[in-house]
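Residues per chain, in single letters:
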Amino acid sequence: MTNPVENSPDSKLFGSIIDRIVTDQSSNFYDFKLRDSEAGSDAFGLDQSLQAKLAIALLQQCHRTYADDDERHEFRPIDIKLYRSALQILNRKLLFEYDDLVTLLHIFPHDLFWKTGSAQILKVVGNYLNHASLTPELEAAITLFCDSVEQGWYGKTAQERLHLAKLRALVGCATALPLKTGEAWSDRAIADLATHSNTDRATWSELLTHCATATAAHPTQKWRKPIASWLDQLNATTVSRFLTAWFPLVDKPRTQPIAEWSQWSPNPNLLIDDVNGDVLKGLLWLCPTLVELGQESGEKALIDDLTRAIAGLTLSAYRKAPGVGPRCVRVGNAGVWVLGQIPGMTAIGQLALLNAKVKFKPAQMGIDRALNAAADRAGLSREEIEELGVPTYGLEEVDVRREILGDFTAELVVTGTSSTVLRWIKLDGKPQKSVPKAVKDNFAGELKELKQAAKDIQKMLPVQRDRIEAVYLQQKDWDYATWRDRYLDLPLVGTLARRLIWWFTNTEDEAEIAGIWHDGRLVDVNDRPLETLLKTLNDTTRVRLWHPLDEPADRVLAWRSWLLDRQISQPFKQAHREIYLLTPAEENTGVYSNRFAAHIIKQHQFNALCGQRGWNNTLRLMVDDCYRPASLALDRWNLRAEFWIEGIGDNYGVDTTEAGSYLYLATDQVRFYPIDSRQNYAHAGGGGYGNSGWWGQEQEIREPIVLDRLPKLVFSEVMRDVDLFVGVASVGNDPNWSDGGPEGRHVDYWQSYSFGELSATATTRRQLLETLIPRLKIRDQCSFTDRFLVVRGELRTYKIHLGSGNILMEPNDEYLCIVPGGKQETSSGQVFLPFEGDRILSIILSKAFLLAEDTKITDSTIVHQIKPK
């Protein structure tokens, strides 16, 4: 291609201006302003056409290319001065001739500097096409420029990505879409819109290009202004249906996997493309308007579907990717903001779901703000919003939803805290096992909605379970009528509340009794109706959640027997809840507990448990940095609980993940402080905690609380959490650690934990098994020692540890390795358990049933171990 500038009669003039720019010493090359320099007066004194040619001449001087090995050439600081001068000229309204414009696009050093020049090129091309037509050569040059910038070394800002999208729209056609292929959702969007008329595609192009400009924290009035016109042209209902279909696909794997990327960059296959992320954020910003229009047209079902899709997209955007954290924070933040703008209980329910599932701290703050905003709009407290905002998912009564679909009745029944079943009843009242063909053919939409409701219920019930369990440390109570409305009779929450024990206190005479819902009424542990035991159950009656600390041991045991006899499985441990009292050792240490010190736990599993139980914790990296201990804020009590931990190991890549976070932690003390006390810190790899001399800490240094001054409930519940952390995350539970882990360093710990003294949780587990085993078919083969369930098979006798679930074989205590699967069956049949959530208990029962019939075991890895030597 002929270079028109090099052959220009003005090349000597350009050379003189360039020489003076190079030798100018008036400012740093990064801050160089051509207008303020001696050369600037000559440069800006040229006519528009010559200024265009001068810009090209400046770029030619700093033009660089990649070497064959893809390594970039070094460039001089003066190159930056020349480049900045060219950009400053291109910011002006110039008159480019055709050949000059094509040359500019080909020589632009798009990847040499951190500024792509996309804004200037968009301006130049736009000005040119205002008075000239697009040729194939120019179209190819613009496309090449866009491709080169997008594939360049430096990351692109949202504004630069917008400029490129607009450039592509200029050269492609009016229907060009600012979407990158290769992601399931963008491919689906492109395919969906390909079937539309050119007029609709042009409108969609305008709308999506506008969505790509969603760079602020929230949409401005200016950004919102053109939305109504586009939605009117495209039909808001159609747009809502598209978004409801596209958003769930964001969580799907890429359709075109990326095979190569820099070793210093995160895996792009796990992220959302930047261009598509901008568009998704803008599409989310459309949703409050879509919801408002949908409400006006009475499309409640579509609004609910869209609201769920927004929450699903938000959760997907916050999903963590190795080496980067949340895969697209800006999309997640937009989703939270949008849910906070949508009125109604469905959006509040989805925010509550996100509040339980998203552990990214900045996101939690955003969710908290959104819930508070929803509460303010409704004129309710935050607690009331969380109680009233639980969706029913169509349940007309507690635990069941019925729909008549032709000749069949569908029954969606809640069967547990995370399980539902969809039943089909014929006209004659007889059940049908599978979905009737007539329903599939004639009621496909209703069937889809029922299945979606079942999925939503399975997600929401664990969230509500955790919320109710948290009431213990919040010390909440309700008047009787409010409690019935928000708990006992609320269709979804009632499935949990009716399996729990509650205290009922008559404020008139202070009479108090514990009761539970059974056979359509509230009864006490002796099955006596509460209305006959209390003078009245009305607004003078206060209701609170029952805790075993509140009753003597014989009454607690009576409740356990009552639940077992009636096969009522509680959503969390309540009657069988562990109680933690001060030990003599803790009375001696005074201000700290070593009960759960010197354990080795898996850091990432521990961190997940902290998030689930409401503790604040940060993953520790093998770096020269300090961290706070894991802590729990006890606002109701003005206390803060701390669990001291530190990273283990010093071999990067062996003791850490690739990203540098420790794989394992060592546990230390549990302490309690006033909530406003200065935070403690310790080095990531240990060295002890301290709370003095840290920058930015204005809180007063306060002494730890003496343990015997703590409320018994607070101490017990905090220690229960810590027992859970150790009991679940300890490497002692892992059969694969029988060799002591990396380099065999921890074999003594594994042995002592796997078969050592029982914790409070394991002691409760033993008590339950002593009640359960006599009811099972293997009872004659089972017995108990202090720490083991002993199972007599035909080949060997086995001792299953009641804490870890690990196994020793008699006669010489030989270790038997059985690695449990992901979902543990308790037996070949189903064993009733009076509470949910104890995986180790399920594993112990599963192993007991397996080993009682050891001659029927077919797994070769197990047979080889149990075969008598």
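Since we're looking at a predicted model, the values are computed, not measured. (Residues numbered from 1 in each chain as written. Predicted model: local features only at pLDDT ≥ 70, side-chain atom pairs only at ≥ 80, totals over all residues. Heavy atoms only, no water.)

Looking only at helices and strands, the protein chain features 33 helices and 23 strands. The C-alpha extent of the protein chain, read off along each of the three principal axes, is 105 × 65 × 60 Å. Restricting to contacts in the protein chain with at least 6 residues of sequence separation, those with at least 24 account for 67%. Of the roughly 40200 Å² of accessible surface on the protein chain, a fraction of 50% belongs to carbon and sulfur atoms. (Helix = DSSP H or I, 4+ residues; strand = E, 2+ residues; numbered from the N terminus. Contact = heavy atoms within 4.5 Å. Areas by Shrake-Rupley, 256 points an atom, 1.4 Å probe, with all protein chains shown as cover.)

Once that is clear, we can look at helix α1 (residues 11-23). An ideal rise of 1.5 Å per residue puts 18 Å on 13 residues; α1 measures up with 18 Å between its terminal C-alpha atoms. For α1, every residue scored as buried is listed here: F14, I17, I18 and I21. Buried residues of α1, viewed axially, fall in a sector of 100°; they line one side. In this structure, α1 carries K12, D19 and T23 as exposed residues pointing more than 90 degrees from its buried face. (Expected span 1.5 Å × (residues − 1). Buried < 20%, exposed > 50% of the residue type's maximum accessible area, 1.4 Å probe, protein only. Arc of directions from axis to C-beta.)

In this section: the pattern of salt bridges. Evaluated as defined, the whole model comprises 51 salt bridges. Between R577 and E469 there is a salt bridge, and its shortest N-O distance comes to 2.9 Å. Placement of the pair is R577 in the loop between α26 (553-565) and α27 (584-589) and E469 in helix α21 (residues 444-469), with a sequence separation of 108 residues. Here E551 makes a salt bridge to R555, at a shortest N to O gap of 4.0 Å. (Salt bridge = Lys/Arg side-chain N within 4 Å of Asp/Glu carboxyl O.)

Taken N-terminus to C-terminus, the directions of helix α14 (residues 274-296) and helix α15 (residues 300-318) make an angle of 160°; their axes are 10 Å apart at the nearest point. The angle between α14 and α15 places the two elements in the roughly antiparallel class. Of the two elements, α14 crosses α15, and the hand of that crossing is left-handed. For the pair α14 and α15, contact is made by L280, L284, C287, L290, V291, G294 and Q295 and by I303, L306, I310 and L313, respectively. Residue classes in the contact of α14 with α15 are distributed as nine nonpolar, two polar and no charged. (Axes fitted to C-alpha atoms, helices over the stretch in contact; angles between N-to-C directions. Parallel < 35°, antiparallel > 145°, perpendicular 65-115°, else oblique. Left-handed = near helix turned anticlockwise from the far one by under 90°. Nonpolar A, V, L, I, M, F, W, Y, C, P; charged D, E, K, R; others polar.)

The next point concerns the environment of V331. Position of V331 relative to the elements: it lies in helix α16 (residues 329-341). For the pair V331 and S842, spaced 511 residues apart in sequence, the C-alpha to C-alpha distance is 40 Å.

Turning our eyes to something else, we now look at the sheet that holds strand β22 (residues 807-810). Reading across from one edge, β19-β20-β21-β22-β23 is the order of the five strands in this open sheet, with antiparallel pairing throughout. The strands lining the two open edges of the sheet, one partner per strand, are β19 (782-784) and β23 (814-816). Within this sheet the neighbouring strands show an average axis-to-axis angle of 30°, counted without direction. (Pairing = 2+ DSSP bridges.)

Time to look at the confidence of the model for the protein chain. Note that predicted coordinates carrying low pLDDT should not be read in detail. In this model, the protein chain carries a mean pLDDT of 86, and residues with pLDDT of at least 70 account for 91%. Put simply, helix α8 (residues 158-171) is where the protein chain has its lowest mean pLDDT, 73, and helix α24 (residues 494-497) is where it has its highest, 96. Within the model, the stretch residues 692-698 combines pLDDT values under 50 with nine contacts to residues more than four positions away or in other chains. Here residues 823-829 is modelled with pLDDT under 50, and outside its nearest four sequence neighbours on either side it reaches 12 contacts, counting other chains as well. (pLDDT = per-residue confidence, 0-100.)

Summarising burial for helix α13 (residues 236-246): eight of the 11 residues are buried, a large majority. Taken residue by residue, α13 has A236, T237, V239, S240, F242, L243, T244 and W246 as its buried positions. Against α9 (184-194), α10 (198-211), α12 (227-234), α14 and α15 lie the buried residues of α13.

Counted according to the given criterion, the structure contains 24 aromatic pairs. Between W559 and W562, the ring centres sit 5.7 Å apart and the planes meet at 70°, which makes this aromatic pair edge-to-face. Here W562 and W559 lie together in helix α26, a separation of three residues that amounts to about one turn. We classify W559 as buried; its relative accessible area is 1%. For W562, a relative accessible area of 2% puts it in the buried group. Put simply, the rings of W478, Y480, W483, Y487, W502 and F504 pair up and form one aromatic cluster. The positively charged end of R636 is found above the aromatic ring belonging to W637, 5.1 Å away from the centroid. Stacked on the ring of F788, the Lys or Arg K799 has its end atom at 4.9 Å from the ring centre. (Phe/Tyr/Trp six-rings, centres within 6.5 Å; stacked < 30°, edge-to-face > 60°. Lys NZ or Arg CZ within 6 Å of the ring centre and 35° of its normal.)

With that settled, the discussion passes to the sheet that holds strand β11 (residues 541-545). Taking strand neighbours across the sheet as the criterion, the five strands line up as β7-β11-β8-β9-β10 in an open arrangement whose pairing is antiparallel. Looking at strand neighbours, the two that pair on one side only are β7 (478-479) and β10 (521-523), the edges of this open sheet. Pairing of strand β8 (residues 502-506) with β11, which is carried by five bridges, proceeds in the antiparallel orientation. Bridging from a neighbouring strand, N506 pairs with T541 of β11.

Here we come to a positive patch on the surface. Together, K252, K357, K359, K440, K451, K455 and K459 make up a positively charged patch on the protein surface. Mapped onto the elements, K252 comes out in the loop between α13 and α14. (Patch = residues over 30% accessible without salt bridge, like charges linked within 9 Å, V, L, I, M, F, W, Y side chains within 5 Å. Lys, Arg positive; Asp, Glu negative; His and termini not counted. Charge placed at Lys NZ, Arg CZ, Asp CG, Glu CD.)

This part takes up the packing of helix α6 (residues 118-129) against helix α7 (residues 136-150). When two helices pack together, their arrangement is given by the angle between the helix axes and by the axis-to-axis distance. One can describe the packing of α6 onto α7 by two numbers: an axis separation of 12 Å at closest approach and a directional angle of 165°. Comparing their axes, α7 and α6 come out roughly antiparallel. Where α6 crosses over α7, the two elements pack in a sense that is left-handed. Facing α6, whose interface residues are S118, I121, V125, Y128 and L129, α7 presents L138, I142 and F145.

Let's shift gears to the environment of E642. Within the secondary structure, E642 sits in strand β16 (residues 639-647). Residue class for E642 comes out buried when judged on its relative accessible area of 0%. Expressed as a C-alpha distance, the spacing of E642 and Q51, which sit 591 residues apart in the sequence, is 67 Å. Dropping the residues within four chain positions of it, E642 is found in contact with W615, P629, A630, S631, Q669, V670, R671, Y673, Q679 and N680. A polar atom in the side chain of E642 sits 2.9 Å from the side chain of R640. Among the polar contacts listed, one links the side chain of E642 to the side chain of N680, at a separation of 2.9 Å. (Polar contact = N/O pair within 3.5 Å; in protein donor to acceptor, adjacent residues only side chain to side chain.)

In this section: the pairing of strand β4 (residues 408-414). Two faces, one strand: in a regular strand the side chains alternate between the faces of the sheet. Along β4, six of the seven residues are buried, which leaves the element largely enclosed by surrounding structure. By the bridge criterion, six bridges tie strand β3 (residues 400-405) to β4 in an arrangement that is antiparallel. Within the sheet, the bridge partner assigned to E403 lies in β4 and is A410. In sequence, β3 turns back onto β4 through a hairpin of two residues, with G406 there showing a positive phi of about 70°. With six bridges connecting them, β4 and strand β5 (residues 420-425) associate as antiparallel partners. The residue bridging V414 from the neighbouring strand is T420, located in β5. The hairpin formed by β4 and β5 contains five residues between the paired strands.

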